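# Understanding the architecture of this molecule
Below are the chains, spelled out letter by letter.
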Amino acid sequence: MSAIEISHLTYIYSKKTPFEKRALDDINLSIEEGSFVGIIGETGSGKSTLIQHLNGLIKVQDKKVSSVVVNGLSATDKKTLKQLRFEVGIVFQYPEYQLFEDTVKKDVAYGPKNMKLPAEEIDRRVRHALEVVGLDYDEFAERSPFELSGGEKRRVAIAGVIAMEPKVLVLDEPVAGLDPVGRAEILALIKQLQKDVSPTIIMVSHNMDDIAVLADRIIAMHGGRVQLDGTPSEVFCAREKIAEIGLDLPMATRLRDMMVARGLNLPDGIVTPKQLEAALVALKNGTFGGDKTKGGEPSNV
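Since this is a predicted model, take the numbers as computed values, not measurements. (Residues numbered from 1 in each chain as written. Predicted model: local features only at pLDDT ≥ 70, side-chain atom pairs only at ≥ 80, totals over all residues. Heavy atoms only, no water.)

## Quick word on the overall build of the protein
Helix and strand counts for the protein stand at twelve helices and twelve strands. For the protein, the C-alpha radius of gyration of 21 Å lies close to 19 Å, the compact-globule estimate for 301 residues. With the C-alpha coordinates of the protein rotated into their principal frame, the extents come out at 65 × 55 × 35 Å. By the burial criterion, 50% of the 301 residues in the protein qualify as buried. Nonlocal contacts in the protein, meaning residues at least 24 apart in sequence, comprise 61% of its contacts between residues at least 6 apart. In the protein, 38 positive and 43 negative side-chain charges are present, and the distance between their average locations comes to 4 Å. (Helix = DSSP H or I, 4+ residues; strand = E, 2+ residues; numbered from the N terminus. Rg over C-alpha atoms; globule rule 2.2 N^0.38 Å. Buried < 20%, exposed > 50% of the residue type's maximum accessible area, 1.4 Å probe, protein only. Contact = heavy atoms within 4.5 Å. Lys, Arg positive; Asp, Glu negative; His and termini not counted. Charge placed at Lys NZ, Arg CZ, Asp CG, Glu CD.)

## Re the sheet that holds strand β10 (residues 225–230)
Pairing between the strands of a sheet comes from backbone hydrogen bonds, and it takes one of two forms, parallel or antiparallel. Spatial ordering of the open sheet is given by β6-β7-β8-β3-β9-β10, a layout of six strands whose pairing is mixed. Each edge of the open sheet is held by one strand with a lone partner, namely β6 (88–91) and β10. Strand-to-strand twist of the sheet, defined as the mean angle between neighbouring strand axes without regard to direction, takes the value 20 degrees. In this structure, β6 lies alongside strand β7 (residues 168–172), joined through four bridges in parallel fashion. When the sheet's bridge partners are listed, Ile90 is paired in β7 with Val170. (Pairing = 2+ DSSP bridges. Axes fitted to C-alpha atoms, helices over the stretch in contact; angles between N-to-C directions.)

## Quick look at the pattern of salt bridges
Between side chains of opposite charge, pairing is possible as soon as their charged atoms come close. Throughout the structure, instances matching the rule amount to 19 salt bridges. Between Asp257 and Arg239 there is a salt bridge, and its shortest N-O distance comes to 2.8 Å. On the criterion of sequence distance, the pair formed by Asp257 in helix α11 (residues 251–261) and Arg239 in helix α10 (residues 239–244) is long-range, its members being 18 residues apart. On the basis of relative accessible area, Arg239 is assigned to the partly exposed category, the value being 22%. Across the pair Asp268 and Arg239 runs a salt bridge whose closest N-O atoms are separated by 2.7 Å. In this pair, Asp268 sits in the loop between α11 and α12 (273–285) while Arg239 sits in helix α10, placing the two residues 29 residues apart along the sequence. One connected set of salt bridges, linked through shared partners, spans Glu121, Arg124, Arg125 and Glu165. (Salt bridge = Lys/Arg side-chain N within 4 Å of Asp/Glu carboxyl O.)

## Some points on α11
For α11, every residue scored as buried is listed here: Ala252, Thr253 and Arg256. Buried residues of α11 fall within an arc of 100 degrees about the axis and therefore sit on the same side. Buried residues in α11 make contact with α8 (208–214), α9 (232–236), α10 and α12. Gly263 sits one or two residues past α11 and shows a positive phi near 105 degrees. (Arc of directions from axis to C-beta.)

## Structural notes on the sheet that holds strand β2 (residues 21–32)
Taking strand neighbours across the sheet as the criterion, the four strands line up as β2-β1-β4-β5 in an open arrangement whose pairing is antiparallel. Two strands close off the open sheet at either side, each with one partner strand: β2 and β5 (73–74).

## Considerations on the nonpolar core
The nonpolar side chains of a soluble globular protein tend to be buried, and buried together. Val108, Ile162 and Phe236 are the most contacted members of the largest nonpolar core, which totals 52 residues. A per-element tally of this core places helix α6 (residues 150–162) first, with six residues. Not counting residues within four places of it along the chain, the set of residues in contact with Phe236 comprises Ile40, Met208, Ala212, Ile218, Ile242, Asp248, Leu249, Pro250, Thr253 and Val271. (Core = buried A, V, L, I, M, F, W, Y, C linked by side-chain atoms within 4.5 Å.)

## A few points about the packing of aromatic side chains
Tallied over the entire structure, the rule returns three aromatic pairs. A centroid spacing of 4.9 Å and a plane angle of 75 degrees characterise the contact between Tyr11 and Tyr13, whose relative ring orientation is edge-to-face. Judged by centre distance (5.4 Å) and plane angle (10 degrees), the rings of Tyr94 and Tyr97 are stacked. With relative accessibility at 66%, the residue Tyr97 sits in the exposed group. Seen from the ring of Tyr137, Arg127 lies directly overhead, with NZ or CZ sitting 3.9 Å from the centre. (Phe/Tyr/Trp six-rings, centres within 6.5 Å; stacked < 30°, edge-to-face > 60°. Lys NZ or Arg CZ within 6 Å of the ring centre and 35° of its normal.)

## With respect to a positive patch on the surface
Together, Lys59, Lys63, Lys78 and Arg85 make up a region of like positive charge exposed at the surface. Along the polypeptide, Arg85 turns up in helix α2 (residues 78–87). (Patch = residues over 30% accessible without salt bridge, like charges linked within 9 Å, V, L, I, M, F, W, Y side chains within 5 Å. Areas by Shrake-Rupley, 256 points an atom, 1.4 Å probe, with all protein chains shown as cover.)

## A few points about the packing of α6 against helix α7 (residues 180–196)
With their axes 12 Å apart at the nearest point, α6 and α7 run at an angle of 15 degrees to one another. Put simply, α6 runs roughly parallel to α7. Note that α6 runs across α7; the crossing there is right-handed. Across from Arg155, Ile158 and Ile162 in α6, the residues of α7 making contact are Glu185, Ile186, Leu189 and Leu193. (Parallel < 35°, antiparallel > 145°, perpendicular 65-115°, else oblique. Left-handed = near helix turned anticlockwise from the far one by under 90°.)

## Notes on helix α4 (residues 119–132)
Taking 1.5 Å per residue, 14 residues should reach 20 Å; α4 reaches 20 Å between its end C-alpha atoms and fits that length. Considered for burial, the residues of α4 that qualify are Ile122, Arg125, Val126, Ala129, Leu130 and Val132. Buried positions in α4, seen along its axis, are confined to an arc of 160 degrees and lie on one side of it. Exposed and facing more than 90 degrees away from the buried side of α4 are Glu120 and Glu131. Of the residues flanking the end of α4, it is Gly134, one or two places downstream, whose phi is positive at about 85 degrees. (Expected span 1.5 Å × (residues − 1).)

In structure tokens:
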């Protein structure tokens, strides 16, 4: 079942002016419910413009040609636009800069209050959201969000989005600016959010290693168009195209290529450290997936 259907989506900034720029050019995408989709591309490739169409922050320009439908709700229908914004939660880059209330509890409750929910339901959602992001309600509810650490602030900001219990969660560079420990914690949290809150996750990132580990599908954009679309292995095996659109390969893929260049017989399609480790173990043991071989892909890679 499709969670998102995008048809012939084109968007032009500063239309009919000397500064006209085509940010999206005839985008057609179908995203299945329950999938984890990574969107990659250089700055200016159209990633942010695309994701902001998903909940109507940027409106479809040509309603006769283009359409964006999420969980059966059309982004071009004014009657369903408000509900659409509750269905699609977007966590922007550096979301902690958007905190504004004087307590954590009030900040997390802002979205549910806008949904006109009963007080008891708002309280339940606030408590659940803080629990999901790993912040104890009794410890953090009455604290000022501005007194928290960077990682805690980001967790509060994410809690404010997931308190609306969106079916689709969109994350724009969710670990930008965090130290390695904070990055690891937020990435682990994102994977947990897919199980506990939002079955469909879309994550925009410049970090190919994060995307390769988390996503089950990757969409690579360049010049407002989809250039590659497939599994992490399929996308990152298109080395020439990846280089052409100005992107890097994951570290595990680069290490694999270096080893192959030095004569090691490793399969293609390695994009994560675990896959590389499994391939090296299989090579050492002389087996790929339990069979003697001089090549081919390990069954667990």
